[in-house]
Structure formats: C-alpha cells, structure tokens
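Chain and residue survey
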Amino acid sequence: MAPVRAAESDGTTGARIRDARKAAGLTQQGMAAEIQVSRQTVIAMETGDYAPSVYLAIKVARALGVTVEDLWGH
C-alpha cells in the first residue's frame, strides 16, 4: 500500500475544496465520479490528508469550475 502524503496541517486547502464542491452543487460521491476517484479520496483531500498529483488537481479544479490556484494557491 502506498504511503499517505500529507497535504497540509492547517486544513485551509481542504476547506477551499469542500466549499468549492458545495458551491458547484456536487456531493462527495458526485465529485468522485466526475474526477474518477473514490469518495474516500475526495474526503481525504477535504480533510487535508491527501495531496493530489498535478493531473488530479487540474481535474478537481475543472470539475469545480475554479482554477488550481483558487484551491491550492497560498
């Protein structure tokens, strides 16, 4: 099993992802289907327990109608 990569310690990126998902009218399951990952992966991104690859970050941003910088920019 691959190790979990810590995304952040303060939860701000996860909160931005969750807020953008809700603003887009998507459930965690709906977003997971849209970006072709498990619901658990969406949960891990929203809790800051998983840092997605650049490819997945782009898919997330596109699915939510925002930019990568909107979600992961500091």
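Notes on the structure follow. (Residues numbered from 1 in each chain as written. Predicted model: local features only at pLDDT ≥ 70, side-chain atom pairs only at ≥ 80, totals over all residues. Heavy atoms only, no water.)

Regarding helix α4 (residues 54-64), the residues found buried are Leu56, Ala57, Val60, Ala61 and Leu64. Taken down its axis, α4 places every buried residue within 140 degrees of arc, on the same side. Facing away from the buried side of α4 by more than 90 degrees, the exposed set consists of Val54, Tyr55 and Arg62. Residues of α4 that are buried in the fold lie against α1 (12-23), α2 (28-35), α3 (39-47) and α5 (68-72). Downstream of α4 by one or two residues, Gly65 has phi in the positive range, about 70 degrees. (Buried < 20%, exposed > 50% of the residue type's maximum accessible area, 1.4 Å probe, protein only. Helix = DSSP H or I, 4+ residues; strand = E, 2+ residues; numbered from the N terminus. Arc of directions from axis to C-beta. Contact = heavy atoms within 4.5 Å.)

With that settled, the discussion passes to the pattern of salt bridges. Following the criterion strictly, the structure yields 1 salt bridge and no others. With a shortest N-O distance of 2.5 Å, Arg21 and Glu46 are connected by a salt bridge. One end of the pair, Arg21, is in helix α1; the other, Glu46, is in helix α3, and 25 residues separate them in sequence. Overall, the relative accessible area of 7% leaves Arg21 in the buried class. (Salt bridge = Lys/Arg side-chain N within 4 Å of Asp/Glu carboxyl O.)

What follows deals with the environment of Asp70. Structurally, Asp70 can be placed in helix α5. Sequence-wise, Asp70 and Ile17 are 53 residues apart; in three dimensions their C-alpha atoms are separated by 9.0 Å.

So yeah, pure geometry; function would need other evidence.
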